[in-house]
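Remarks on the overall topology
In case you want the letters, here they are:
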Number of protein chains: 4
Amino acid sequence: MAMARTGIWFVGARGGIASTATLGLIGLQQQRTDTLGLVSTLPQFAGLPLADWDSLVVGGHDVRDASIVETVERLHHESRVFDGKLVDAARDELTVVDARIRPGTLFRCGATIEKLADASMLRLAHESPRDAVSRLQSDLQRFQRESRLDRVIVVNVASTEPATNYVDLPPRWNEVDRLLDEGPASPLSASSLYAIAALDLGMPYVNFTPSPGATPPAIGELAKRRKACHAGQDGKTGETLLKSVLAPMFAARNLEVLSWVGHNIFGNMDGQVLDNAANKSAKIQGKDQLLGHILGYDPQTLVTIEYIRNLGDWKTAWDHIHFRGFLGTPMTVQFTWQGCDSLLAAPLVLDLVRFVELSHRRGETGVLSHLGSFFKRPLGLDDHAFDRQTALLHEWAARQRR
Amino acid sequence: MAMARTGIWFVGARGGIASTATLGLIGLQQQRTDTLGLVSTLPQFAGLPLADWDSLVVGGHDVRDASIVETVERLHHESRVFDGKLVDAARDELTVVDARIRPGTLFRCGATIEKLADASMLRLAHESPRDAVSRLQSDLQRFQRESRLDRVIVVNVASTEPATNYVDLPPRWNEVDRLLDEGPASPLSASSLYAIAALDLGMPYVNFTPSPGATPPAIGELAKRRKACHAGQDGKTGETLLKSVLAPMFAARNLEVLSWVGHNIFGNMDGQVLDNAANKSAKIQGKDQLLGHILGYDPQTLVTIEYIRNLGDWKTAWDHIHFRGFLGTPMTVQFTWQGCDSLLAAPLVLDLVRFVELSHRRGETGVLSHLGSFFKRPLGLDDHAFDRQTALLHEWAARQRR
Amino acid sequence: MAMARTGIWFVGARGGIASTATLGLIGLQQQRTDTLGLVSTLPQFAGLPLADWDSLVVGGHDVRDASIVETVERLHHESRVFDGKLVDAARDELTVVDARIRPGTLFRCGATIEKLADASMLRLAHESPRDAVSRLQSDLQRFQRESRLDRVIVVNVASTEPATNYVDLPPRWNEVDRLLDEGPASPLSASSLYAIAALDLGMPYVNFTPSPGATPPAIGELAKRRKACHAGQDGKTGETLLKSVLAPMFAARNLEVLSWVGHNIFGNMDGQVLDNAANKSAKIQGKDQLLGHILGYDPQTLVTIEYIRNLGDWKTAWDHIHFRGFLGTPMTVQFTWQGCDSLLAAPLVLDLVRFVELSHRRGETGVLSHLGSFFKRPLGLDDHAFDRQTALLHEWAARQRR
Amino acid sequence: MAMARTGIWFVGARGGIASTATLGLIGLQQQRTDTLGLVSTLPQFAGLPLADWDSLVVGGHDVRDASIVETVERLHHESRVFDGKLVDAARDELTVVDARIRPGTLFRCGATIEKLADASMLRLAHESPRDAVSRLQSDLQRFQRESRLDRVIVVNVASTEPATNYVDLPPRWNEVDRLLDEGPASPLSASSLYAIAALDLGMPYVNFTPSPGATPPAIGELAKRRKACHAGQDGKTGETLLKSVLAPMFAARNLEVLSWVGHNIFGNMDGQVLDNAANKSAKIQGKDQLLGHILGYDPQTLVTIEYIRNLGDWKTAWDHIHFRGFLGTPMTVQFTWQGCDSLLAAPLVLDLVRFVELSHRRGETGVLSHLGSFFKRPLGLDDHAFDRQTALLHEWAARQRR
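Note that the structure is a prediction, hence the values are computed from the model and not measured.

Points about the nonpolar core
- Of all hydrophobic cores here, the largest spans 511 residues; its most connected members are A:Val155, B:Val155, C:Val155 and D:Val155.
- Aside from chain neighbours lying at most four places away, what touches A:Val155 is A:Ile8, A:Trp9, A:Phe10, A:Val11, A:Val206, A:Phe208, A:Val349, A:Leu352 and A:Val353.

Okay, here's the thing in structure tokens:
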């Protein structure tokens, strides 16, 4: 029996995360790398009929012209990541993927992202939202057809849209559907157009960014109607991951967190976009709100995220946690996290594709809340404690095996 | 109905942990402090018939002559902990407790602890182990009688014995029983004599230290025979707590820990004792072995624990964790923990007394493995992940409520 | 021969720094504390005829009603500083000092400081700058007369004024003199009015804050005319001190600083004031600009300073320095500074009084540039390297001895 | 006029430091790298007739067989340093240098170093010290002759010998001279034999290691007799550099250092050698003693240095400094240093060669104490403060210019 083929369609396909995920997938297909960093290869998921690496094919949308190879080489050079031999061995295949990348949409992406976009994107500037969705859908269908794919999963790993995009959409799909004809006045933004394009075709959608995507309830309703599944929002890779691991300890030991301060510095393109106040505020919200959920009260918090040019893809986070224990005694934990953002995110994206693909195949629709451990703001899940989120995923896996 | 009265008998009653626990208990009884740092007052345990603060009475053994008040004032002055008003308000009551403290035993405690002991302890130097046990038991019975207690729980918070004490005892109680007559050649040491004294009287025993206590299987057998329950070993308060919280994250995300280095510095009496190599090695074992259990492989580890005079009761731990993620990328987490040892340990000791008291009242015997989250080397439990250990305690609580 | 008596007149006399300096001075007079933290007692200054502790008398201006004793007790309780016995022994004397404190001026201090001020200050709200200066001068003269002082030194340790105050004043004194009659439209602000009041009387003036004070050239001209000396600006106590110590190392080793990020968190009243954006920007300028001076180029820098309520007077700074060495290799130094602001500043204020008093007695006038090591923005000195600034002070001391 | 040619003869020529210095020199000669990290190219030394990069030729001794290219490629791969293009461009030239490397001596180097040595070294095992010196001298003379060099400077960058080598040698050269005939019972060790070989030929000698080298007074006497100059001991590149920069600040501000704890972890070959207790203790001495010199009293100190395999050439040092300021207030500074050892040391080695070469050319003999800023234990200099050491070097440079 021929192996079913699955397409991964990256929104932001030439960015750091998608490029790294694509390089890593090629490395796995060529057996040039091991499975470190991949959750879906852990013993807890052994025996699940997850997609083989060889069955995955990458395409995507982007608004920039720079190639995946350029992104990979810049990461290799500036951030001292990747084995040079892997980069060489993957170059041809990366170029093949690059040829499948189609122009995305800049609809209400904000000035910062527009500035990074390729000039050719301007000819699409006057498209209505509905025209944009149609065009994106043609791209998806052509990818499925030309690459002979059994299914396509759309994964948003594009830069964060400004928080000003987070307007309230009407709660029902038929009302939002009408907004697609509204032009520049429409409250929809690019990330949601990609989500609508995918879900309307019944294709699963994963939102690894803080942008709205499929989060508005009306778009969730569309997913249900088209029997599509989706997951999100905002990949949990570094500082917030640590928060969701450490905060439950303070709760379990009845130690009162007085303040939790987190300062993040990094230098990749995501950083450049976040250097804009509106885009940043979208990001920061997700990094912060989980503490109240886990602790049951709101300590004073502070989160900054700043672009420091020369750090490249390396993010350093310093967190200072001031807490109070027995007899009111104040104590402190500080941690410093030095991680490479794209390398932390990329394997999770591949994991999500594999988990979502199985859910899709098995007919799950709507929000996949068992994937909450992957996200800063897990859709369909109130619990932000990483341990309990992980337990949900393991329970789901156990159910699949029965 | 008159409230049942429970005695807490501290081994090491004049040390930092017991003195802080006693001060805190008085503060709770006088309603001068809140319940921060106490696990047993969390909502998860609401509705359990745990002992009231007013029902608890403190006594204990010690080998030093310095009073509890002196210990409390030294901590207040040198380590800048405790509210001065609480110390003043508790002084009289602390003196009452002090009067209940009886001379302990130095049997095979090692030269470092002997040097700290009061000269008067020397007259007990030639006691046989059996005579020591008898004497300790008389103290316990007299405490129960004179303080009109319904039950007594013995809690070891004395200084760490040298690792050389960790000899293999015979596996059966009747063989160990015979060793009590052997004199200085006996492989038993003080911590186990206290455990034997308590368990043989059917009194629960809690081992908050790395010393052997009731850990040898033969002494566990004695507990079972006398229908006594016990828990241990080695309170998990700071750096090791963080290890047991963080290590599961690396496992859940398939990030390979390459090395985990932990350096601990502090300046309390415990530190002075641990400055002796033999005593220290006993302590370090417990801080380190959990990583292999949680991760499923043994990364390179290094743990030091050093006495830095002027730090007083404040322990600073610096941990450096080097790990490898996707495509072999090396990354780092470092944390710095600044906690006050006695203040972290004391509430857990009070929690253990309340949980053990309920188990005892309800007829549980042998090792109380649901208390594993409190210990570096949890007796009766292989799982070192703090989240899962905590879940066990919550499940026990839920069962008690039914 | 009777000892000459010197008055210290604190602007902000009830704030943390002045209160701590006053408490410390009483401790020194009563021989209840040693001279740790005081620069002027080091061997390098032995033999200089610096003022004795007993010859110093404290008075001051403030805009708040809370007493020095209250400030001292809040620091003692909230920030766990000071020996309780010293506080008790100094209480009476602190009350005597408190009785000498006179209402200051809020002239163009900004809304944040106004909100902290006592209601009674409102009756002074409509004073012209010239009237304010006259009133302040009467206070100074009355202090000198009533306390039988040979001289008075005015030291500004009040909260930071908003950066909006840093308007360009005309360069000559006679032009600024005319502005005193202008009322609310005058570009002068409180800190400069205090400076003018002092210098116009020939009294030395020290500006330990980032506020303008005597920095405008026209006020420096006034000092020269009146043969008064002055020093400033903005005490160098913590993170910036470390910057001025570490940055010369990078220069001397030809290591290129790529970025220097500094995050400061603290919880005292100064922090509350700085939580206001305008006041903060005044502070941050001083913390940052020295790097370019020392390194000879401008690395990317970032400085934040944030108010975290529960930290009290303790400031934690985390600095992350990314630098590049041989063959372009990027490396990192991070430091964490945990210092108590008032306790770091107070001894320097006493040192400055002693050094300035000697300069005044010896007839030095204008800017005392040899005091640059005490300041973030040293008046009259371009060199920000702490080692060379310290050498200047030692050379001055050597000259005094000849 | 033809440029004078200078030979650099590395003892330990295939180790990380020498290999990096050689690679860097080639990069400088080929103008493929800039001068970052090199002290001698700073403006303070402009106009000095220091040797051009093109005039320098490398050779050396080693006891291992692995080639420089292998060392460079291992550093590139394991520690992610060096630009791949530079490595490629330098490969041929590195091979040429490799061909000039001659077998060194293992005389009393200790078991740890012997284990790393090439089997072929065993045929030299029974050489007397005098025979070894003669053989080393032939190598030096042959290098000078065959490479047509005007002078040769010997630089010890070999692994640290065990501290047991630090026996007292007799104080006069003629006594030590006799010891060369003694065989295995001789108290001399390899590092001193290399020094004797060089100095006896009148060649300058630089000791960048903690091993004895030319430090014993008798060998210093030999240098004087042969009119040779020398410098040492133990390159100051990382944690100790920071100590010598920070400690003067505590002194200048009269802040009492209570304790200074430094933990170092790293994974290069030097680390493997230091994992042996005897070799390590030699190293630690140098890292620690400077504090007492700078502060004028001895705070409690602790230094560890541990081999953590996977860190490669990257050394992380965590230092915790506990100090006390005004009114006895305890405060803390911590720093974390993440530097690449070979990349920090290599440029200093090239600087030392250039400075020593000029001194030699100008007829300076004996210890060059103005080079003290480069060393943990500066020969001929009691001052350990980095700023004052740097000033000495600048003054020397100014004198050369006159």
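Observations regarding the pairing of strand β6 (residues 229-232) of chain A
All names here are of chain A.
- Across the two faces of β6 the burial is the same, with Cys229 and Ala231 and His230 and Gly232 all buried.
- Pairing of strand β5 (residues 205-207) with β6 involves three bridges; the strand directions are parallel. Bridge pairing in β6 places Tyr205 opposite His230.
- Remark: the β5/helix α8 (residues 217-225)/β6 crossover connection has right-handed handedness.
- By the bridge criterion, two bridges tie β6 to strand β11 (residues 366-367) in an arrangement that is parallel. When the sheet's bridge partners are listed, His230 is paired in β11 with Val367.

Considering the interface of chain D and chain C
- On the chain C side, the residues contacting the 44 residues of chain D number 45 residues.
- A per-element tally of the side of chain D that touches chain C places strand β10 (residues 330-340) of chain D first, with 10 residues.
- When the residues that make up the side of chain D that touches chain C are grouped by side-chain class, the tally is 25 nonpolar, 15 polar and four charged.
- Relative to β10(D), strand β10 (residues 330-340) of chain C runs antiparallel, the two being bridged by seven bridges. Paired with C:Gln338 across the strands is D:Thr332, a residue of β10(D).

Observations concerning the sheet that holds strand β5 (residues 205-207) of chain B
Residues and elements named next belong to chain B.
- Strand order in the open sheet made by the seven strands is β3-β2-β1-β4-β5-β6-β11, with parallel pairing throughout. At either margin of the open sheet sits one strand with a lone partner, and together these are β3 (101-103) and β11 (366-367).
- Strand direction decides the pairing type here: strand β4 (residues 151-156) and β5, joined by three bridges, are parallel. The residue bridging Asn156 from the neighbouring strand is Asn207, located in β5.
- Sitting on the sheet, helix α5 (residues 129-146) is in contact with β1 (6-11), β2 (56-62), β3 and β4, with an inclination near 150° to β1.
- Where helix α13 (residues 341-361) meets the sheet, its contacts fall on β1, β2, β4, β5 and β6 (229-232), and the angle it forms with β4 comes to roughly 140°.

Things to note about the relation of the copies chain D and chain C
- Note on the identical chains: chain D maps onto chain C by a rotation of 180° and an axial translation of 0.0 Å, with an RMSD of 0.0 Å. As the rotation angle and translation indicate, the two copies are arranged about a two-fold axis. Residues of chain D ranked by C-alpha distance from the rotation axis are headed by D:Phe335, positioned 2.0 Å from it.
- A share of 100% of the interface residues of chain D reappears at the interface of chain C, consistent with the copies meeting face to face through the same patch.

Examining the domain arrangement of chain A
Residues and elements named next belong to chain A.
- Entries for chain A in the domain assignment read domain 1 (6-235 + 343-401) and domain 2 (239-340).
- Its C-alpha centre places domain 1 at a distance of 25 Å from the equivalent point of domain 2.
- Contact with domain 1, which involves 27 residues of that partner, is made by 26 residues of domain 2.
- Within the residue set of the side of domain 1 that touches domain 2, elements represented by two or more residues are α2 (68-78), α4 (111-116), α13 (341-361) and α14 (386-401).
- Tallied by class, the residues present in the side of domain 1 that touches domain 2 amount to 11 nonpolar, nine polar and seven charged.

Quick notes on the environment of A:Leu350
Residue and element names in this part refer to chain A.
- Residue placement: Leu350 occurs in helix α13.
- Here Leu350 falls in the buried class, since 27 other C-beta atoms lie within 10 Å of it.
- In contact with Leu350, other than residues within four places in its own chain, are Ala21, Gly24, Leu25 and Leu38.

Some thoughts on the environment of A:Leu75
Residue and element names in this part refer to chain A.
- Inspection of the secondary structure assignment puts Leu75 in helix α2.
- For Leu75, a count of 23 C-beta atoms within 10 Å gives the class buried.
- Between the C-alpha atoms of Leu75 and Gln44, which are 31 residues apart in sequence, the distance is 32 Å.
- Contact partners of Leu75, with chain neighbours within four places excluded, come to Gly16, Thr20, Val81, Phe82, Asp313 and Ser342.

What counts and what doesn't
- In this numbering scheme, every chain counts its residues from 1 along its sequence in written order.
- Key to labels: chains lettered from A, ligands numbered from 1, both in the order written.
- Local features are withheld for residues below a pLDDT of 70 in this predicted model, meaning they are given only at 70 or higher, and side-chain atom pairs are given and counted only at 80 or more; totals for whole chains, interfaces and linings count all residues.
- Put simply, a nonpolar core is buried Ala, Val, Leu, Ile, Met, Phe, Trp, Tyr and Cys residues tied into one set by C-beta atoms within 7 Å.
- Between the buried cut of 20 or more and the exposed cut of 12 or fewer other C-beta atoms within 10 Å of a residue's own C-beta lies the partly exposed class, and all C-beta atoms are placed from the backbone.
- Placing C-beta atoms from the backbone, we regard two residues as in contact once those atoms come within 7 Å.
- Put simply, DSSP marks the helices as runs of H or I at least four residues long and the strands as runs of E at least two long, and each gets a number from the N terminus on.
- Pairing between strands requires that DSSP locate at least two bridges from one strand to the other.
- With the strands pointing away from the viewer, any crossover whose connection runs clockwise from the first strand over the helix to the second is right-handed.
- Lys, Arg, Asp and Glu make up the charged group, whereas Ala, Val, Leu, Ile, Met, Phe, Trp, Tyr, Cys and Pro make up the nonpolar group; the residues left over, Gly among them, are polar.
- Here an angle of 0 to 180 degrees is reported between the N-to-C directions of two axes, which are lines fitted to C-alpha atoms, with helices fitted over the stretch in contact.
- The copies were overlaid with a least-squares fit restricted to C-alpha atoms from residues scoring a pLDDT of at least 70 in each copy.
- Residue ranges assigned to each domain were obtained from an automatic or database domain assignment.

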